[in-house]
Amino acid sequence: MFISRDTQEAADALIPSGSGPILAIGPGADWIGKRWPADRYAKIAISLLGEGGPLAGGRLMIVGEEADRDAAQTVRSAVKRDRVIELQGRLTRLQTAAALSHADLYLGGDSLWTQLAVAAGVPAVAVFGPSDETLKRPWTGVAVRGPRTLDEFRELDPRLNQHIQHMMDLPYERVLKAAKKLLAERAA
């Protein structure tokens, strides 16, 4: 993906100066069935950015649409305000990819934001439920699925379009373990 200098500069202007690693999270999804609970993203942010975590002392970047603001509020509350880079609803998609290029790790679901992180070359951990991770998993990282297969989701929701929170059975511990493993592999 080509990101022009103007696009990069527009994104960079919204990223406050600071030091340390950046954990980017895109908590939104285009359908409630693919939306993972925001409090689980928050728990992972606390663990990764907190004392003793692999990104200790780092900052939290939140990306997404303006409509993702409620989910983002839960995630942003996980760290001190001066360590949060709030970008949801403030950037074009290309600018979002440019901003994500600063991240050391991205965490999100089966969404546009995960695809933009991958396009920006960021190591990514994506949570999957009612979608096919064999086709959509981030090639710069890993996909983490809950206990149900895609076929099991289709038994409950044949067209994958019902207003059901399918992602409730994926525990944050499994995703945290995958994130720590990916970071350790990248550091080695």
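Keep in mind it's a predicted model, so treat the numbers as computed, not measured.

Colleague: Explain the overall build of the protein chain to me, using residue names and the numbers behind them.
Modeller: Assigned secondary structure in the protein chain consists of eight helices and six strands. Counting from the amino terminus, the protein chain carries its helices and strands in the arrangement α-β-α-β-α-β-α-β-α-β-α-β-α-α. Here the C-alpha atoms of the protein chain give a radius of gyration of 16 Å, agreeing with the 16 Å that 2.2 N^0.38 yields for 188 residues. Principal-axis analysis of the C-alpha atoms places the extent of the protein chain at approximately 50 × 35 × 30 Å. Taken across its 188 residues, the protein chain has 51% of its residues classed as buried.

Colleague: So, the sheet that holds strand E1 (residues 22-26): which residues are in play, and what are the values?
Modeller: Spatially, six strands are ordered E3-E2-E1-E4-E5-E6 in an open sheet, and the strand pairing comes out parallel. Both outer strands of the open sheet, strand E3 (84-86) and strand E6 (141-145), are each paired with one neighbouring strand and no more. Strand-to-strand, the axes of this sheet are offset by a mean angle of 20°, without reference to chain direction. Summarising the sheet, strand E4 (residues 105-109) and strand E5 (residues 124-128) pair through four bridges and their orientation is parallel.

Colleague: Help me get a handle on the nonpolar core, residues and values and all.
Modeller: In this structure, Leu 23, Leu 48, Leu 60, Leu 105, Val 125 and Val 175 are the most contacted members of the largest nonpolar core, which totals 32 residues. Contributions of two or more residues to this core are made by E1, helix H2 (38-49), strand E2 (59-62), helix H3 (69-76), E4, E5 and helix H8 (172-187). For this core, the element with the highest residue contribution is H2, accounting for seven residues. Residues contacting Leu 60, with those up to four places away along its chain left out, are Leu 23, Ile 25, Ala 45, Leu 49, Val 75, Arg 76, Val 79, Arg 83, Val 84 and Ile 85. Ranked by size, the runner-up nonpolar core spans 21 residues in total, among them Ile 15, Leu 87, Leu 91 and Val 118.

Colleague: Quick rundown of the pattern of salt bridges? Include the residues and the values.
Modeller: Going through the model one piece at a time under the given rule, you end up with 10 salt bridges. Note that Lys 34 is salt-bridged to Asp 110, the shortest N-O span being 3.6 Å. Of this pair, Lys 34 sits in the loop between E1 and H2 while Asp 110 sits in the loop between E4 and helix H5 (112-119), placing them 76 residues apart in sequence. This pair shows no difference in class: Lys 34 is buried, exactly as Asp 110 is. With a closest N to O distance of 2.5 Å, Arg 93 and Glu 65 form a salt bridge. One end of the pair, Arg 93, is in helix H4 (residues 93-100); the other, Glu 65, is in the loop between E2 and H3, with 28 residues separating them in the sequence. Glu 65 sits in the partly exposed class, given a relative accessible area of 32%. It is possible to trace a salt-bridge network through shared partners that takes in Asp 30, Lys 34, Asp 110 and Lys 136.

Thresholds, definitions, all that
Every chain is numbered independently, its residues counted from 1 as its sequence is written. It should be noted that, the model being predicted, local features are given only for residues of pLDDT at least 70 and side-chain atom pairs only at 80 or more, the latter also being counted only at that level, while totals for whole chains, interfaces and linings use all residues. In computing side-chain properties, one takes all heavy atoms of the structure into account and sets aside hydrogens as well as water. Strands are runs of DSSP state E lasting at least two residues, helices are runs of H or I lasting at least four, and both sets are numbered from the N terminus onward. Taken over C-alpha atoms, the radius of gyration is set against a globule rule of 2.2 Å times the number of residues to the power 0.38. Here the term buried applies to any residue with accessible area under 20% of the maximum for its type, exposed to any over 50%, and partly exposed to those in between, with areas from a 1.4 Å probe on protein chains only. DSSP bridges decide pairing: two strands pair if at least two such bridges lie between them. For every element, the axis is a line fit to its C-alpha atoms; helices are fit only across the contacting stretch, and the angle between N-to-C directions ranges from 0 to 180 degrees. The set of buried Ala, Val, Leu, Ile, Met, Phe, Trp, Tyr and Cys residues whose side-chain atoms join them within 4.5 Å is what this entry labels a nonpolar core. Throughout, a residue-residue contact means that at least one pair of heavy atoms, one from each residue, lies within 4.5 Å. Each reported salt bridge corresponds to a side-chain nitrogen of Lys or Arg within 4 Å of a carboxyl oxygen of Asp or Glu.

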